[in-house]
Amino acid sequence: MATKSENETKGDPKEEAGLLGLDEEELRRLLRLMMLGRRFEEKAAESYQTGKIGGFCHLYMGQEAVAVGSISSLRDDDYVITAYRDHVQALVRGIEPRAVMAELFGRVDGCSKGQGGSMHMFDRSLNFMGGHAIVGSHVPIAAGVGYAIRYRDEDRVCLCLFGDSVTNGGPFHEAFNMAAKFELPVVYLCENNSYGMGTDISRVAAVQDLADRACAYENMASCSVDGMDVLAVRQAVQEAIDRAREEHLPSFIEAHCYRYMGHSMADPSHGTYRSREEVEEHREDDPILTFRRRLIDEGVISEEDYEAMDQEVIDEVEDAAEFADQSPRPDFADIYEYVYSGEYPDIDRRDAWR
Amino acid sequence: MATKSENETKGDPKEEAGLLGLDEEELRRLLRLMMLGRRFEEKAAESYQTGKIGGFCHLYMGQEAVAVGSISSLRDDDYVITAYRDHVQALVRGIEPRAVMAELFGRVDGCSKGQGGSMHMFDRSLNFMGGHAIVGSHVPIAAGVGYAIRYRDEDRVCLCLFGDSVTNGGPFHEAFNMAAKFELPVVYLCENNSYGMGTDISRVAAVQDLADRACAYENMASCSVDGMDVLAVRQAVQEAIDRAREEHLPSFIEAHCYRYMGHSMADPSHGTYRSREEVEEHREDDPILTFRRRLIDEGVISEEDYEAMDQEVIDEVEDAAEFADQSPRPDFADIYEYVYSGEYPDIDRRDAWR
Amino acid sequence: MAVISYREALDQALREEMERDERVFLMGEEVGEYDGAYKVSKGLLDHFDGNEWRVRDTPIAENGFAGIGVGAAMAGLRPIVEFMTWNFSLLAFDAVVNSAAKIHQMSGGQYHVPIVFRGPGGAAIQLAAQHSQVPDAWYSHVPGLKVVAPATPKDAKGLLKSAVRDDDPVVMIEGELLYNIKGEVPEEEYLVPIGEAEVKREGTDLTIVAHSKMVHQALQAADTLEEKHDLQAEVVDLRTLRPLDIDTVIESVRKTNRVVVVEEGWPQGGVGAQVADDVQREAFDWLDAPVTRVAGLDVPMPYARNLEKQVFPDSRHVVRAAEHVCYLDQD
Amino acid sequence: MAVISYREALDQALREEMERDERVFLMGEEVGEYDGAYKVSKGLLDHFDGNEWRVRDTPIAENGFAGIGVGAAMAGLRPIVEFMTWNFSLLAFDAVVNSAAKIHQMSGGQYHVPIVFRGPGGAAIQLAAQHSQVPDAWYSHVPGLKVVAPATPKDAKGLLKSAVRDDDPVVMIEGELLYNIKGEVPEEEYLVPIGEAEVKREGTDLTIVAHSKMVHQALQAADTLEEKHDLQAEVVDLRTLRPLDIDTVIESVRKTNRVVVVEEGWPQGGVGAQVADDVQREAFDWLDAPVTRVAGLDVPMPYARNLEKQVFPDSRHVVRAAEHVCYLDQD
Ligand SMILES: Cc1ncc(C[n+]2csc(CCOP(=O)(O)OP(=O)(O)O)c2C)c(N)n1
Ligand SMILES: Cc1ncc(C[n+]2csc(CCOP(=O)(O)OP(=O)(O)O)c2C)c(N)n1
Ligand SMILES: [Mg+2]
Ligand SMILES: [Mg+2]
């Protein structure tokens, strides 16, 4: 999994405004991660259609800049936790495309051994803490991770990504109050794609800018950024990370982004709640195309580099799909394997007739 | 149950600053209600000591101005709902001292027939909706009452009283967001006595002034008032009521008050969390003595009037205690009587051996 | 009789009851503009002229809107609160159990809480651990609540209408996998009373007790048992889990002397445990074999399809259990 | 052996485990500065030099701090989360059931959630409906959790220490009415293993199965049965509700052929229903009478003292049930 040394993000004042003083390698990495996320999910969508993937499959297409701009700023020893729309976060954190795809296919080589599926990607070796499917439930959990960091007096950080709908729920409020009061090093990042399923957030939230919700908690810094601009996200998150590392204080960042697909593969991309036109418009503002154009204009990469990178990620994703398809399905014994950590007497005592 | 005609609270501009232009009768009524609350709970404390009252018994002594200043502003057809520290709210709303005391004694003539006890006073005929013992749980319920008011297009209001600790909980946040978004005519009144049991609110709330928590919800007006001054509470609540009635919008009022006794009769009035001195100091600022002095200075009542009123409420409370003591205990049949509204087949089918 | 889907049956019940009684309204996530996550309330908002008070889209705040439902019910309305799935009701457990179920009793009978909490329960397909839970046992344990779990379109419509008219809080557990099943439903108005089980198939050799999705597995198993062993299984559909109509079960057991209780949920402390307890106590001398149970495996639901199929109880498992109580598996 | 109270036993377990392993910390409402609502953590904050990270007072936000405990456990700590009473855990049902119980499985075994959720359950005296609930059945239904409910100071200390050392989430249900009872506790370090019932009184004529408070009612009933009928009742204390040590119960029943299961909670779907189900299935041919149960009445707890006394199960009721299974009540 990639990381960055301090000075990379600092850069010199002049460049700050532009490419944040990131070196070419890092800039390419950011672009490539977004491209990988996009191509990976195109393949996932196809595999869902052909029945290789089951259950709920929530795609991130259009929102890539948020996961890439934020997770790329973390150190290896930092923690990440997110919601059920978690494929790209997992990839950016460094879980192999093969392991993520195998998880989607429900196979033993999946990063959660086929037990979790699309909504529950985990990788302990990368401090990737899931993949949680109950809206808002991981917001307090992230505060708990921050609690452990303070408890051990470490300078690590926990990044917690979640959707806009979460801000209307009790867990969000309880966690924010405690994260602020206990001074926990958590960076809360709201992926505000304007919708919770088919509900426009403005129809159910009694606040214009979700970032303003931080006003109810002292110590909780907050800001809104353009979530379609990977560098804008990167900069805001980097500042929040520094604040968490150095001052042990939490932050709340609202990143305005857009989901191209339906809520899940089972839902239409547009319909009663938003028009095709609206979706088309936002696709114009695509985070990958914009960043690509920018890097080409700034001479960081060439058209050819881009095409090459694209072919690379396409191959990577194809390989992942083939790997996943070859990976065996879990044994029936695995049904009991992960329920408890240790011994559990007669675990199948009441499980008859199978 | 007492009410007031519009013009009583309006009064003329000059008086507004002083006694809110309330007529003598109303001013006496406010004082008397506070005195009744105080004497009633002195008797309740005594009866708890002698074992006539069981369970948790949370006294309101010191906070009387909040319940009296607010509930006295309501119309008969408005609704009131509160937490478990509910004796005085019940009395102010007009439940007979006899019925409240009988409830504390666990007798059939209690306002909840002996089923609810200290924490669950109810009187449907007075739209007194309880008496709720799970911290914060009645805050959404109050929003639901407001929902019913809007649903029927009425100009009624729901007043919801709760403690300071409630503001750190999820139900508070979820209810405030919906009350604001759906535009519900609810007046939320926080009885901020600075403590949740033995915890100073400043130790667990990441906000200085609880009233500021309203900042997270558009449409939610808010203010702080001196909860030891019955007229200050009355004025703020009256404005919130008007806003709810006329504009169907919710408000959040934080009333700073103080609890003289321990959290419940089982807890010490002071100890690890606050000093005897602190309690003594606040007793100086007693809402009843202050208002009494004021009414005497303004020539509304005389010393003699006060003494007479005091004797009246003492007699009323003694009578209530005697009545409660005479009231029969519920029949065993009542155990099943109120579980369901209608028929429930073989309700005691699995209830053997009694 | 018209043949319609379980989903359409619920939709008819919602419309009929909301038209019959203006105090009835539907509230929940996506129920309005989005036509419901599972399209149960398709077109309902338009049907009521876009009146948001009748069909209310809520934020994702289960405890909050369940509490709003309780307050609205106390103030005289008759709310139907939809949980997108019962898994999310765990966040509203306090509102349902501490408030809805207790206010009538705590107020000495003064306040009624006529509210319906409804939505799909149990597993669908590969939704994994947090989205595949069966809430039956949690809620049917609670006095003050009534709990229904219909298996057919007819019962779904009739029980939802009864639930809406009931003066007490009713928990109605539907099934995502049931929404598309079709069945006959009377053209004319009708109600299915809460608290009455129904014999869905007559038989003399053994009794299979089930509810919700499992009724269909039980009926399939009954057919298999007839073909394979010429056994006549009687299938009793509990329909209501609280109050539990144990009389109908006992009556059947006294005739068949053998019983298999089937449920989708976890075995320890499942609904079947109570049925077994009641049967062994009230029909002890009629039992030719111990009460036998078939349930979901005692684990959080795994995602992998092959594992999920193994965890979810189906007719094959019911057949094996039936063969066992009939001592046909001795070899 | 020293004779100490259940409260002191818990206090010793907390101190010993927090001193043994610095990853262990206590968090909850009033646990620190106020010494705990029921004084279980008296002096603990001072004992750890006022270190708020070891003994953390929280706001009233059960779901929030339960979730914080889960996160801290995933990140390597070993939290003990106190619910002032289990009634309030209904607000945290999601954190306990959807998160704590499932994360190990959902992550394919990568993340362990070594957390203890503890506090008093059941009725105290006249606390009314919202404050008198028994959570045993709700939590013991859930795979992924372990549930213990000790009756004595010795078991309370030994089980809490085992719970803290367990790598899985453990729900520990204590009792406000148990905190003051005294009993012998070994001077030296010891553990009581999770998942093992204990015969608290040997007998040959009937078996009384109980846990938590009801163990004391069962023992009292056993004495009465001896005096009154010269019957020797064997009392089995379940101690752990999940995993349920049914072997010890079956062994006893095979000896006595009669069993009464006692619990404080509601009867429908109570812990006793599962015990009855297991016993009738696994000891069918040994039973001379149906498994009989004594439980709290199937109602929300009323406030009035005389009614509460009737709802709460006690030794008199156990004696009657015992006389019944021994056919001594035929007249
Ligand atoms: C507590 C809870 N309620 C309802 C759901 C069903 N649900 C799943 S995702 C979703 C919408 C969430 O929207 P948002 O938080 O904005 O995230 P996004 O899907 O836009 O990424 C809903 C209602 C759930 N998973 N959890
Ligand atoms: C959800 C919940 N958690 C804990 C409790 C236990 N408890 C009862 S009152 C109380 C303190 C409440 O303080 P506050 O809201 O300020 O009201 P006050 O007692 O000061 O009037 C606590 C923690 C409860 N009743 N409900
Ligand atoms: Mg969204
Ligand atoms: Mg307070």
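Criteria and cut-off values
Residues numbered from 1 in each chain as written. Chains lettered and ligands numbered in written order. Predicted model: local features only at pLDDT ≥ 70, side-chain atom pairs only at ≥ 80, totals over all residues. Heavy atoms only, no water. Helix = DSSP H or I, 4+ residues; strand = E, 2+ residues; numbered from the N terminus. Rg over C-alpha atoms; globule rule 2.2 N^0.38 Å. Buried < 20%, exposed > 50% of the residue type's maximum accessible area, 1.4 Å probe, protein only. Contact = heavy atoms within 4.5 Å. Areas by Shrake-Rupley, 256 points an atom, 1.4 Å probe, with all protein chains shown as cover. Near = heavy atom within 4 Å. Polar contact = N/O pair within 3.5 Å; in protein donor to acceptor, adjacent residues only side chain to side chain. Nonpolar A, V, L, I, M, F, W, Y, C, P; charged D, E, K, R; others polar. Domains from an automatic or database assignment. Buried area = accessible area lost by both parts, 1.4 Å probe. Salt bridge = Lys/Arg side-chain N within 4 Å of Asp/Glu carboxyl O. pLDDT = per-residue confidence, 0-100. Least-squares fit on C-alpha atoms with pLDDT ≥ 70 in both. Pairing = 2+ DSSP bridges. Right-handed = clockwise from strand over helix to strand, strands pointing away. Donors = N, O, S within 2.8 Å, 3.2 Å for Na, K, Ca; no water.

Draft legend 1. Structural view of the overall build of chain C. In terms of regular secondary structure, chain C is built from 12 helices and 14 strands. Its C-alpha atoms give chain C a radius of gyration of 20 Å, within 12% of the compact-globule value 20 Å for 331 residues. Principal-axis analysis of the C-alpha atoms places the extent of chain C at approximately 65 × 45 × 40 Å. Expressed as a percentage of its 331 residues, the buried residues of chain C come to 76%. Across chain C, the fraction of contacts at a sequence separation of at least 24, relative to all contacts at a separation of at least 6, is 82%. With the model as given, the accessible surface of chain C reaches about 8400 Å², and the carbon-plus-sulfur share is 45%.

Draft legend 2. Region of the structure containing the site of ligand 1. Near ligand 1, the surroundings consist of 21 residues, among which Tyr84, Arg85, Ala133 and Asn193 of chain A together with Glu62 of chain C are the closest. Among the chains of the assembly, those with residues near ligand 1 are chains A and C. In the environment of ligand 1, an oxygen atom lies 2.7 Å from a nitrogen or oxygen atom belonging to the side chain of tyrosine 84 of chain A. In the model, a nitrogen atom of ligand 1 is placed 3.0 Å from a nitrogen or oxygen of the valine 135 of chain A main chain. Burial of ligand 1 by the surrounding chains reaches 97%, relative to a free accessible area of 590 Å². Across the shell around ligand 1, the residue classes tally to 11 nonpolar, six polar and four charged.

Draft legend 3. Spatial organisation of the side chain of glutamine 280 of chain D. The topology assignment puts glutamine 280 of chain D in helix H10 (residues 271-282). Polar contacts involving the side chain of glutamine 280 of chain D include one to the main-chain carbonyl oxygen of aspartate 277 of chain D, which spans 3.3 Å. What glutamine 280 of chain D contacts, discounting residues up to four positions off in sequence, is Ala276, Gln280, Pro290 and Val291 of chain C together with Leu287 of chain D.

Draft legend 4. Looking closely at the domain arrangement of chain C. Residue and element names in this part refer to chain C. Domain annotation for chain C reports domain 1 (2-185) and domain 2 (198-325). At the junction of the two partners, domain 1 supplies 33 residues and domain 2 supplies 26 residues. Contact between domain 1 and domain 2 buries roughly 2200 Å² in total, counting both sides, with carbon and sulfur atoms accounting for 59%. Inspection of the region where domain 1 meets domain 2 yields two salt bridges. With its nearest N and O atoms 2.9 Å apart, the salt bridge here joins arginine 239 to aspartate 155. The tally of links from domain 1 across to domain 2 stands at 16 residue pairs in polar contact (both at pLDDT 80 or more). Elements that contribute at least two residues to the side of domain 1 that touches domain 2 include exactly helix H6 (136-140), strand S6 (146-148) and helix H7 (153-165). Sort the elements by how many residues they give to the side of domain 1 that touches domain 2 and H6 lands first, with four residues.

Draft legend 5. Region of the structure containing the confidence of the model for chain C. Mean pLDDT over chain C works out to 98, with 100% of the residues at or above the 70 mark. As scored by the predictor, the complex reaches a pTM of 0.97 and an ipTM of 0.97.

Draft legend 6. Highlighting unusual backbone geometry. The amide bond that connects arginine 242 of chain C to the next residue, proline 243 of chain C, takes the cis arrangement and shows omega of -5 degrees. Turning to its location among the elements, proline 243 of chain C is positioned in the loop between strand S12 (240-242) and helix H9 (246-256). Despite not being glycine, glutamine 126 of chain C shows a phi value in the positive range, around 55 degrees. The residue aspartate 230 of chain D is not glycine, and still its phi comes out positive at about 55 degrees.

Draft legend 7. Focus on the relation of the copies chain D and chain C. Overlaying chain D on chain C yields an RMSD of 0.0 Å, the required transformation being a rotation through 180 degrees with an accompanying axial translation of 0.0 Å. Put plainly, the chains are arranged around a two-fold axis. Taken as a fraction of all interface residues of chain D, those also at the interface in chain C reach 100%, which identifies the copy contact as same-surface.

Draft legend 8. Looking closely at the pairing of strand S7 (residues 170-174) of chain C. All names here are of chain C. With five of five residues buried, S7 is to be regarded as a mostly interior element. Sheet topology note: the strand S5 (residues 116-120)/S7 ladder contains five bridges and is parallel. Note that in S7 the partner of valine 116 across the bridge is valine 170. Here three bridges tie S6 to S7, and the two strands are oriented parallel to one another. Paired with lysine 146 across the two strands is valine 170, which belongs to S7. Note that the unit made of S6, H7 and S7 has a crossover that is right-handed.

Draft legend 9. Up close: the coordination of the magnesium ion (ligand 3). All names here are of chain A. Those protein atoms acting as donors to the magnesium ion (ligand 3) are Asp164 (OD), Asn193 (OD1) and Tyr195 (O), and they sit at 2.1 Å. In primary sequence terms, the donor set of the magnesium ion (ligand 3) follows D-x28-N-x1-Y. Remark: tyrosine 195 occurs in strand S5 (residues 195-196) and aspartate 164 occurs in the loop between strand S3 (158-163) and helix H8 (170-181); sequence separation between them is 31 residues. The same class applies to aspartate 164 and to tyrosine 195, which are both buried.

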